[in-house]
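A closer look at the structure
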Amino acid sequence: MTTRLNSIAEKCRNDDMDAFVYETEALDYVDAWLLCDKVARKSVTCMNINPCYDIVDMCYGMPLALIRVSSALAEEIQALDSDERQIWRALRRVEDGILDIPSLKPLAESLCLGYDHLPLYLRTLLLCCSVYHWLDGGIVQRGRLVTRWIAEGFVSEEKAAEGYFDELVGRGWMKHRGLNEYEIHPMMLAILRYKSKEYNFVTCLGTGSDTCTSASLSYSSPTMAIRRLCLQRGYPMKCFSSMDVSHTRSLVILGDVIGVPLDMFKRLRVLDLEDNIGIEDSHLKKICEQLESLRLLKYLGLKGTRITKLPQEIQKLKQLEILYVRSTGIEELPWEIGELKQLRTLDVRNTRISELPSQIGELKHLRTLDVSNMWNISELPSQIGELKHLQTLDVRNTSVRELPSHIGELKHLRTLDVRNTGVRELPWQAGQISGSLHVHTDDSDEGMRLPEGVCEDLIKGIPKAELAKCSEVLSINIVDRLGSPPIGIFKVIGLHKSIPKLIKDHFNVLSSLDIRRYNKLEEDDHEFLANNLPNLQML
């Protein structure tokens, strides 16, 4: 049995203890080149130029792909001279015609089998990857792709989108490279690009695409609306004179592409300009001013561009849900950021911002806030506690030493990353979400387990006059490693001769307690610890 699914292999192993699972590996570069050269020279006895380097890059180490593509390409170029551009175009024709060239049919059918048997929702999500190309290594940024799925309306919740991404990885369509990067095999990308053009899902123009084929599919046909458009360097600028983009929902620009008439796009939901160093402040201001064109915009990706500030006109993008400005020269967020009431994700990491405006508390729908890798940030505004739907807060690699006290009341908070910061304690109220909150500290990649014992009913039972004093007496220490996985512990702040009355009156449900004392505890304190803390597991 041959399969690409890890789950099937594991089931065979579990059902039959004598079964052996052999995981095949790709050929290394030298062996792949030798195989390619052998097949190509067998197909064409006289070649003016050897295409094997391009073929090996395209096929990685997949033997069947190497054999089939080598044979097909050799036949394509036997009538050509030593013009490298002509050979490049021949390789594009082989890639774009992977389902039409007879010699590639066995390879294409085997790859299509895996695609055709995917659930419909996974096929749709996978087609979004057709904007990538093997020339760039087929590299997919997980977070970028997941948020684009949400912005396009394919998935409504981030948790579900993450699950679908993991399912594609488990089925072998993507391979983890490290951190947030994944790769798709070039031959699989060729299948996705073919399918994408067949369904008119994404139109790709420019370097890495067969411009003529894509063009004939799109702007030469006035009746075919372009739903999603991907532009790369070298795209035909004249295409916009005859191309209908009035219904285009998504525009992805890869590389330094200029001269795109954004005013022609009337229904854009996604505008991805990431890593385009041709985008400057003047371009962004013009984009924000085009209210008629971008009034429906939900996703704006500006990562890696040359912008240095967000214009006041940003407030006009009322439907914006996802804003990426990481790795730019931005030094501050304008107060108008608070007007983006629908914003769900705000990523400002790797920028020069030194302070978050208080208006950030007006982003009631915000779920992800990333301010990591910014040493100019030393504190967070207290208004962070007003973000009741916040699920992820990332402040790693900053100068933050203390978190706002109300952060413990964010009941939907799931991930808090304080690695490489001065944060050593959390507000005691964080015990309310101890079962769902994962805290990442300097020495923990798996997430620190918070102590239990604080619940909503307990907080309601504390008189308001004493509730304010609780933060002066109790906190959660997140530095001590007292187990594996590491766990936090409720800590009585300061040095004490006895256990504070506030603890005795209201916190007899604590599961852990750390109290530092001047000398020995009083006798009644020993009695309290022994008899009045039934849930105590750690002292």
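Just so you know, the residues in each chain are numbered from 1, in the order the chain's sequence is written. Only residues with pLDDT of at least 70 are given local features in this predicted model, and only at 80 or more are side-chain atom pairs given and counted; all residues enter the totals for whole chains, interfaces and linings. The basis for the side-chain values is all heavy atoms of the structure; hydrogens and waters are excluded.

So, on to the layout of surface pockets. In the cavity and pocket records, a cavity denotes points on a 1 Å grid over the protein atoms alone where a 1.4 Å probe fits but cannot get out, a pocket denotes an open set with protein on both sides within 12 Å along at least 5 of 7 lines, and lining residues are residues with an atom within 4 Å of a point. Grid points are joined across faces, edges and corners, and a volume is the space filled by probe spheres set on the points. When its volume is computed, the second largest pocket comes out at roughly 1600 Å³. Forming the boundary of the second largest pocket are 46 residues, of which Arg142, Gly143, Glu162, Asn180 and Arg349 lie nearest the centre. Each helix is a run of H or I in the DSSP string that is no shorter than four residues. Each strand is a run of E no shorter than two, and both are numbered from the N terminus. When residues of the lining of the second largest pocket are traced back to their parent elements, those giving at least two are β1 (139–141), α8 (142–152), α9 (158–170), β10 (345–347), β11 (368–370), β12 (392–394) and β13 (415–417). The element best represented in the lining of the second largest pocket is α8, accounting for 5 residues.

Each pair of strands is called paired provided DSSP finds at least two bridges between the two strands. Strand order in the open sheet made by the 4 strands is β14-β16-β17-β18, with mixed pairing throughout. Whereas interior strands pair on both sides, the edge strands pair on one side only; in this sheet they are β14 (425–427) and β18 (514–517). Strand-to-strand twist in this sheet, taken as the mean axis angle between neighbours without regard to direction, amounts to 40°. Judged from the 4 bridges that link them, strand β17 (residues 489–496) and β18 form a sheet pairing that is parallel. Considered in β18, the bridge of His496 is made with Arg517. Fitted lines through C-alpha atoms serve as axes, helices being fitted only where they are in contact, and the angles separating the N-to-C directions of these axes extend from 0 to 180 degrees.

Geometry of a packed helix pair, given as the angle between the helix axes and the separation of the axes. Following both chains from N to C, one finds α8 and α9 inclined at 125°, their axes separated by 10 Å at the closest point. Taken together, the axes of α8 and α9 are oblique relative to one another. Considering how the two elements wind past one another, α8 and α9 form a crossing that is right-handed. Residues Arg142, Leu145, Val146, Trp149 and Ile150 of α8 pack against Glu158, Ala161, Glu162, Tyr164, Phe165, Asp166 and Leu168 of α9. Throughout this description, any angle smaller than 35 degrees is read as roughly parallel, any larger than 145 degrees as roughly antiparallel, any in the 65 to 115 degree range as roughly perpendicular, and the remainder as oblique. A clockwise turn of the near helix away from the far one marks a right-handed crossing, whereas an anticlockwise turn of less than a right angle marks a left-handed crossing. Residues are treated as being in contact if the distance between any of their heavy atoms lies within 4.5 Å.

Moving on to unusual backbone geometry. At Asp275, a residue that is not glycine, the phi angle is positive and equals roughly 65°. Positionally, Asp275 belongs in the loop between β7 (270–272) and α12 (281–289). Exposure is judged per residue with a 1.4 Å probe applied to protein chains only, and the accessible area is read against the type maximum: over 50% gives exposed, under 20% gives buried, and values in between give partly exposed. A relative accessible area of 35% places Asp275 in the partly exposed class. With phi around 60°, Asn373 is a residue other than glycine that occupies positive phi space. Of note, Asn373 is situated in the loop between β11 and β12.

With that settled, consider the confidence of the model for the protein. Scored from 0 to 100, pLDDT reflects the predictor's confidence in each residue. Here the protein shows a mean pLDDT of 80. Residues at 70 or above account for 80%. Below a pLDDT of 50 lies the segment residues 210–223, which in the model reaches 25 contacts outside its immediate sequence neighbourhood of four places, other chains included.

To continue, consider α8. In an α-helix, one turn spans 3.6 residues, which is why side chains three or four residues apart end up on the same side. When you tally the buried positions in α8, you get 10 out of 11 residues, the bulk of the element. Of the residues making up α8, those classed as buried are Arg142, Arg144, Leu145, Val146, Thr147, Arg148, Trp149, Ile150, Ala151 and Glu152. Just downstream of α8 lies Gly153, where phi reads positive at about 90°.

Geometry of aromatic contacts follows a simple scheme: Phe, Tyr and Trp rings, the Trp one being its six-membered ring, pair when their centres are within 6.5 Å, and the pair is stacked under 30 degrees between planes, edge-to-face over 60, tilted otherwise. Inspection of every chain in the model, using the stated rule, returns 7 aromatic pairs. The interplanar angle of 75° and the centroid separation of 6.4 Å between the aromatic rings of Tyr115 and Trp173 together place this pair among those described as edge-to-face. In this pair, Tyr115 is assigned in helix α6 (residues 105–116) and Trp173 in the loop between α9 and β2 (175–178), connecting sequence segments 58 residues apart. Comparing Tyr115 with Trp173, the two get one shared label, buried.

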